[in-house]
Every structure is written in C-alpha cells, then in structure tokens.
Amino acid sequence: SAVISQKPSRDICQRGTSLTIQCQVDSQVTMMFWYRQQPGQSLTLIATANQGSEATYESGFVIDKFPISRPNLTFSTLTVSNMSPEDSSIYLCSARNTGASTDTQYFGPGTRLTVL
Amino acid sequence: DAKTTQPPSMDCAEGRAANLPCNHSTISGNEYVYWYRQIHSQGPQYIIHGLKNNETNEMASLIITEDRKSSTLILPHATLRDTAVYYCIVRATGANSKLTFGKGITLSVRP
C-alpha cells in the first residue's frame, strides 16, 4: 500500500488569496488524483495529475482555478486560486499504480480549508 | 463507471456483525467492487475489493452474488471505531478508470 501525506493539514485563508497544497507519496506511483469534499458531501474528483504534462480536469473544474503540478512520480501540488468562501472544503490527494495486480487507490488524510 | 445504490444509513450493536448491502445491477464484466470507509475528518480508507469471488481480509469479508449485481460487506465483530461512512464503488482496472464516490452508507455502531 502507499502512504500519502499532505501539507498543510488545515488552513484558514482570506478570500481572494491562493493556497497551495502539497501531496507526498512514500513510493513511486503511476497515477495521482485530487478530490474535493464539500461540507456534508461525498468526494468529487477534481483532476488527474499527470507527470510531465498538464492535468486532466473533470467537468466543472478548470486549470485557472485549480492549477496542479506533478514534477515526479511521488509528488503533486494543488493550488486553490482566488479563493472564496465556497471553496471551503476538504481537499484530498489520492494515488494508485496501474498495471499492478490490485490497482488499489489510496488516499491522504486531507487538507481542511476554510475561507473567510 | 457503473453506479451503485446503498441505503443511507444503518446501525448495529457493538460486537455483532455489520452487513452492509450494495446494489450494482449495471456492473460490467471487467469492473471490480471496491469498498472504502471514511471515519469522520479522515481520508477514505481502503477496505477490500473483489471481482466475482468472495474475499476476506483482516478488516472485512466481501460477498458478491453470482450474478454480480449486488454485494455485501461484512464486518464480523463491529466496534465503536467502525462508525463511519462506507462507500461501495465499482471500477475497472486501468489508467482510464476513475474512482467515483456516491453518498455511501453511514454505519453507526452502538454500545
């Protein structure tokens, strides 16, 4: 299994500012993902972080609002840009190895973001 | 990806078996059944997955019907720490498949 850590674990930010969340996996993984969980809701996939190329965004999410980097096979960042109170959510990093026998996907502990 | 249907909630007594049902009537032949749980304020935790055979690990057992249209996650001896939202998800293997979460079932274990 993959162990995933995120920084920061939580933050309180002012509207109009940006926050970058870091995700570190303890081993090389093929795929990394970013999810959002709004208060009281289930998880929604934001994008797939592609190593060496632009992230693949799901419907309703755009690069200008959620720029993503993935410089190598163990690390990714998600930036929440020009934040508003509606961006208050838990942001979760996830990873899995395709081609492995189990292809199981694992999750980090999440970053709890509050925007004032 | 095929969708799943789960009751919104259930409860069970501590020490008893918790049987969590899931319907996935449109599952495709190459899709696995995955179960995750999310304890309050934590990231989702992988529990178990299966294709067509029943599976068991240290956390739970997964029973998949012969027609694969439904499954049951069994926690054999539920504890208070098993109180969580449990998600049943169907997903194929491979780079193009995505893990899509529904609303899940909230399991409350009572003392």
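Further up the page is the structure itself.
Here's a quick rundown of the structure. (Residues numbered from 1 in each chain as written. Chains lettered and ligands numbered in written order. Predicted model: local features only at pLDDT ≥ 70, side-chain atom pairs only at ≥ 80, totals over all residues. Heavy atoms only, no water.)

### Comments concerning the overall build of chain B
Stated precisely, the cut-off is as follows: Elements are defined by DSSP. Helices are runs of H or I of four residues or more, strands are runs of E of two residues or more, and each kind is numbered from the N terminus. Here the radius of gyration uses the C-alpha set of atoms, whereas the globule reference equals 2.2 Å times the residue count to the power 0.38. Burial classification: accessible surface area is computed with a 1.4 Å probe over protein chains only, and a residue below 20% of its type maximum counts as buried, one above 50% as exposed, and the rest as partly exposed. Contacts are assigned to residue pairs that have any heavy atoms within 4.5 Å of one another.
Each helix and strand counted, chain B has zero helices and nine strands in total. Shown N-terminal to C-terminal, the secondary structure of chain B runs as helices and strands in the order β-β-β-β-β-β-β-β-β. Its C-alpha radius of gyration of 13 Å places chain B within 12% of the 13 Å reference for a compact globule of 111 residues. Its C-alpha atoms give chain B principal-axis dimensions of about 40 × 30 × 25 Å. Going through the 111 residues of chain B one by one, you find that 43% of them count as buried. The long-range fraction of contacts in chain B, counting pairs at least 24 apart against all pairs at least 6 apart in sequence, stands at 58%.

### Details of the sheet that holds strand β4 (residues 45–50) of chain B
Residues and elements named next belong to chain B. Stated precisely, the cut-off is as follows: Any two strands with at least two DSSP-identified bridges between them are counted as paired. Between N-to-C directions, angles cover 0 to 180 degrees, with each direction set by a line fitted to C-alpha atoms, over the stretch in contact for helices.
What the five strands build is an open sheet, ordered β1-β9-β8-β3-β4; its pairing is mixed. Strand pairing shows two members of the sheet lacking a second neighbour, β1 (9–13) and β4, which therefore form its edges. Strand-to-strand twist across the sheet, computed as the mean angle between neighbouring axes with direction ignored, equals 25°. Pairing between strand β3 (residues 31–38) and β4: five bridges, direction antiparallel. Its bridge partner being in β4, Tyr-34 is matched across the sheet by His-49.

### Observations concerning the interface of chain A and chain B
One widely used convention gives an interface's size as the accessible area the parts lose upon coming together. Spelled out, the test is: Accessible area that two parts lose when put together, evaluated with a 1.4 Å probe and summed over both, is termed the buried area. In what follows, salt bridge is the name for a side-chain nitrogen of Lys or Arg lying within 4 Å of a carboxyl oxygen of Asp or Glu. Counted as a polar contact is a pair of N or O atoms within 3.5 Å, where, for protein atoms, one must be capable of donating a hydrogen and the other of accepting one, and residues adjacent in sequence contribute only when both atoms are in side chains.
Counting residues at the interface gives 19 residues for chain A, matched by 21 residues for chain B. Of the roughly 1,500 Å² buried at the junction of chain A and chain B (both faces included), carbon and sulfur atoms supply 49%. Run the count over chain A and chain B and you get one salt bridge. Lys-98 of chain B is paired through a salt bridge with Glu-58 of chain A; the nearest N and O atoms lie 2.8 Å apart. Counting across the chain A and chain B interface gives seven residue pairs in polar contact (both at pLDDT 80 or more). Those elements that provide at least two residues to the side of chain A that touches chain B are β4 (31–37), β5 (43–49), β9 (89–96) and β10 (105–107) of chain A.

### Describing the packing of aromatic side chains
Basically, it comes down to this: The rule is short: rings of Phe, Tyr and Trp, with Trp giving its six-membered ring, pair when the centres are within 6.5 Å, and they are stacked under 30 degrees, edge-to-face over 60, tilted in between.
Applying the stated rule across the entire model yields 11 aromatic pairs over all chains. Geometrically, the ring pair formed by Tyr-36 of chain B and Tyr-46 of chain B is edge-to-face, given 5.9 Å between the ring centres and 70° between the ring planes. Here Tyr-46 of chain B lies in strand β4 and Tyr-36 of chain B lies in strand β3, a separation of 10 residues in the sequence. What makes Tyr-36 of chain B buried here is its relative accessible area of 0%. What links up through ring pairs into an aromatic cluster is the set Tyr-35, Tyr-106 and Phe-107 of chain A together with Tyr-36, Tyr-46, Tyr-87 and Phe-101 of chain B.

### Description of the pattern of salt bridges
Residue and element names in this part refer to chain A. Scanning all chains against the criterion turns up four salt bridges over all chains. For Lys-65, the salt bridge is made with Asp-87, and the minimal N-O distance between the two is 2.6 Å. With Lys-65 in the loop between β6 (56–57) and β7 (68–69) and Asp-87 in the loop between β8 (75–80) and β9, the pair connects residues that are 22 residues apart, well separated along the chain. Residue classification places Asp-87 among the buried positions, given a relative accessible area of 5%.

### Focus: unusual backbone geometry
Backbone torsion omega between Lys-7 of chain A and Pro-8 of chain A reads -10°, so that peptide bond is classified as cis. Mapped onto the fold, Pro-8 of chain A is located in the loop between β1 (4–7) and β2 (10–13). Of note, Ser-41 of chain B is a non-glycine position whose phi angle comes to about 70°, a positive value. Looking at where Ser-41 of chain B falls in the secondary structure, it is placed in the loop between β3 and β4. The phi angle at Arg-68 of chain B is positive, at roughly 65°, despite the residue not being glycine. Mapped onto the elements of the fold, Arg-68 of chain B is located in the loop between β6 (61–64) and β7 (70–75). A residue is classified by how much of its surface remains accessible, and Arg-68 of chain B, at 11% relative accessible area, is buried.

### Section: the environment of Gly-43 of chain B
By the element assignment, Gly-43 of chain B lies in the loop between β3 and β4. For Gly-43 of chain B, the contacting residues outside a window of four places in its chain are Leu-92, Gly-108 and Pro-109 of chain A together with Arg-37 and Gln-38 of chain B.

### A closer look at the pairing of β6 of chain B
All names here are of chain B. Note that strand β5 (residues 55–56) and β6 share two bridges and pair antiparallel. Bridge pairing in β6 links Glu-55 to Leu-62. Summarising the sheet, β6 and β7 pair through four bridges and their orientation is antiparallel. Considered in β7, the bridge of Ser-61 is made with Ile-74.

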